[in-house]
Amino acid sequence: MSVAVGEPVRRDRELGHEAYKLMGRLFPLCRSLTGAGVRETFAVLQERLPLIVTEVPSGAQVLDWTIPDEWTIRDAYVARADGTRVIDFRTSNLHVVSYSEPVRATMSLEELRPRLHTLPDRPDLVPYRTSYHERTWGFCLSHRALLALDPGDYEVVVDSTLAPGHLVYAELELEGESDDEILISTYVCHPSLANDNLSGIVVAAMVASGLACRRRRHGYRFLFAPGTLGPLAWLDRNRHRLEQVRHGLTISCAGDDGPFTYKRSRRGDAEVDAAAEVALRDLGVPHAVLEFEPWGGDERQFCSPGFDLPLGALSRSAHAADPVNHTSADDLARIRPESLEESIRTCLAILDVLETNRTCVNLSPLGEPQLGRRGLYRSAGGAVARSEDERALLWVLNQSDGSRTLLDIARRSGLAYAAVRHAADRLEDTGLVRAT
Ligand code: ZN
């Protein structure tokens, strides 16, 4: 049976602009490992997607980890004696070290100095710092701003709470024709940083919207969870259903204009690995395919040996290699709606391959069947060069012995997956091949 899944993805710019607008709404929220910023992010996404939110209480054991206290931040500043704020959380949430414990003190610049984090080699940028596992507090500012601080006393305030609460993650479930599931995961724990990781949230959300109105062979599960602990908590609580996860992708850093990067699953030869490679090849976009390595993003958890899910990681500029990441320069100005649109389209193209890939059997394998009689071949003979359509028909007929998928055929032949799939559809319609 041929599965007519997926219409061509919209090529207009609307999709990219819609994604960019959503980023603009989510950008100011102060996300962290826990806390109101993550909940507010889910509330905005819930306006368009029926997310199910799960709360995991502080102190809960998830695999080898313990869920920490919840962090609530209301305000944070360093002010001169006259009340003028020289470092102010209200102007950017990057200014406070994420998970800072509360403090109210008057301190000299000298005493305060060890708490101030800057990037001396990039003096105009504010760094992003967290302290999830060690109780401390601190501020981040540009090195230039630090140098401009006068000696003397400052009022130092972090108005925060670290108390038992919850870590929250959100899921969107889209049912498919089978129980097989495709898992798409992105992390939600970075504050006002655009490419890393707001772009991943928005691209995943737009891909989910795009899939919601399509016919789906697979079920889909989108997971929006704070990095590391979120996937660990989800994996721990969903052990009974991991068998259903047939393919997976993590999405991150998807809004810059760098080339695509696909990092293979731990298995290295999962169907999603081949699907991503072929989809990127067919789209003709600049890209690199990397082998698996046990560092990077949340693929570390999904691809840990005890789970070993068939899940790869899709991004644009690689996270660690991008000097702008985890600084104030990762703002909305570096995001292009066109790049977001291209990332959404690329994800959907990979998923489209997974949706339609199948194994066929040639029902007339003794010699080439006569295609002209069945209206599958050009009527005028003599041309030397064969069209891609004709070559695809011959490839599908030749390779369809029940052991090779359409994706295998697209890889081996070098033909576009869409051409191979179209050929298989036509051959199925005329009864020359049958999907197994
Ligand atoms: Zn990051």
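Residues numbered from 1 in each chain as written. Predicted model: local features only at pLDDT ≥ 70, side-chain atom pairs only at ≥ 80, totals over all residues. Heavy atoms only, no water.

A word on unusual backbone geometry
Where we set the bar: Each helix corresponds to a stretch of at least 4 residues labelled H or I by DSSP, and each strand to a stretch of at least 2 residues labelled E; elements are numbered beginning at the N terminus. Only protein chains enter the accessibility calculation, which uses a 1.4 Å probe; a residue whose area is less than 20% of its type maximum is buried, one above 50% is exposed, and one in between is partly exposed.
A cis amide bond, omega 15°, links Asp196 with the succeeding residue Asn197. Among the structural elements, Asn197 can be located in helix H5 (residues 194-212). A positive phi angle is found at Leu63, which is not glycine, with a value near 50°. For Leu63, the position within the fold is in the loop between strand E2 (61-62) and strand E3 (65-66). Overall, the relative accessible area of 28% leaves Leu63 in the partly exposed class. If you check the backbone angles, Tyr99 has positive phi at about 80° while not being a glycine. With respect to the helices and strands, the residue Tyr99 is situated in the loop between strand E5 (85-88) and strand E6 (103-108). Judged by relative accessible area, Tyr99 falls into the buried class, the value being 3%.

Re the sheet that holds strand E11 (residues 181-187)
Rules: At least two DSSP bridges between two strands are needed for those strands to be called paired. Axes here mean lines fitted to C-alpha atoms, for a helix over just the part in contact, with angles spanning 0 to 180 degrees between N-to-C directions. Working rule for contacts: check all heavy atoms of both residues, and any pair within 4.5 Å makes them a contact.
Sheet architecture is open: eight strands sit in the order E1-E10-E12-E11-E13-E16-E14-E15, paired in mixed fashion. Every interior strand has two partners, whereas the edge strands, strand E1 (52-57) and strand E15 (287-290), have only one. Strand-to-strand twist across the sheet, computed as the mean angle between neighbouring axes with direction ignored, equals 20°. Its contacts with the sheet put helix H9 (residues 337-356) on E11, strand E12 (219-225), strand E13 (245-251), strand E14 (260-263) and strand E16 (311-315), and the angle it makes with E11 is roughly 155°.

Focus: the sheet that holds strand E18 (residues 401-405)
Spatial strand order, E18-E17-E19: three strands in an open sheet with antiparallel pairing. The open sheet is flanked by E18 and strand E19 (433-435), the only strands paired with a single partner. Adjacent strand axes in the sheet meet at a mean angle of 30° when their direction is disregarded. Contacting strand E17 (359-362) and E18, helix H11 (residues 406-413) crosses the sheet at an angle of about 70° to E18.

Here we look at the domain arrangement of the protein chain
Selection criterion: Residue ranges for the domains trace back to a domain assignment, done automatically or taken from a database. Once two parts are put together, the accessible area they lose, assessed with a 1.4 Å probe and summed over both, is termed the buried area. Basic side-chain nitrogens of Lys or Arg form a salt bridge, by our definition, when they fall within 4 Å of a carboxyl oxygen of Asp or Glu. Counted as a polar contact is a pair of N or O atoms within 3.5 Å, where, for protein atoms, one must be capable of donating a hydrogen and the other of accepting one, and residues adjacent in sequence contribute only when both atoms are in side chains. Residues are sorted three ways: Asp, Glu, Lys and Arg are charged, Ala, Val, Leu, Ile, Met, Phe, Trp, Tyr, Cys and Pro are nonpolar, and all the rest, Gly among them, are polar.
On domain assignment, one finds that the protein chain holds domain 1 (13-67 + 166-356), domain 2 (70-163) and domain 3 (359-435). Placing a centre on the C-alpha atoms of domain 1 and another on those of domain 2 gives a separation of 31 Å. Domain 1 puts 23 residues into the contact, and the matching count from domain 2 is 18 residues. Both sides of the domain 1 and domain 2 interface together cover about 1500 Å² of buried area, and 55% of this is carbon and sulfur. It is Cys30, Leu33 and Ser328 in domain 1 that bury the most area against domain 2; as a group they hold 27% of the surface buried on that side. Across the salt bridge formed by Glu70 and Arg39, the nearest N and O atoms sit 2.6 Å from each other. Between the two partners, domain 1 and domain 2, sit ten residue pairs in polar contact (both at pLDDT 80 or more). Tallied by class, the residues present in the side of domain 1 that touches domain 2 amount to twelve nonpolar, ten polar and one charged.

Some words on the confidence of the model for the protein chain
Operational definition: Here pLDDT means the predictor's own confidence in every residue, given as a number from 0 to 100.
Averaged over all residues, the pLDDT of the protein chain equals 94, while 94% of them reach at least 70. Contacts for the low-pLDDT stretch residues 1-10, under 50 throughout, to residues beyond four places or in other chains number 28 contacts.

Comments concerning the packing of helix H7 (residues 271-283) against H11
Formally: Roughly parallel covers angles under 35 degrees, roughly antiparallel covers those over 145, roughly perpendicular covers 65 to 115, and oblique covers all other angles. The sense of a crossing depends on the near helix, which, turned anticlockwise from the far helix by less than a right angle, makes the crossing left-handed and, turned clockwise, makes it right-handed.
Interaxial distance between H7 and H11 falls to 10 Å at its minimum, and their mutual angle equals 50°. One way to sum up the angle between H7 and H11 is to call them oblique. With respect to the hand of their crossing, H7 and H11 are arranged in left-handed fashion. Judged by residue contacts, Glu271, Ala274, Ala275, Glu277, Val278 and Arg281 of H7 engage Leu407, Ala410 and Arg411 from H11. Per-class residue counts for the contact of H7 with H11 are five nonpolar, no polar and four charged.

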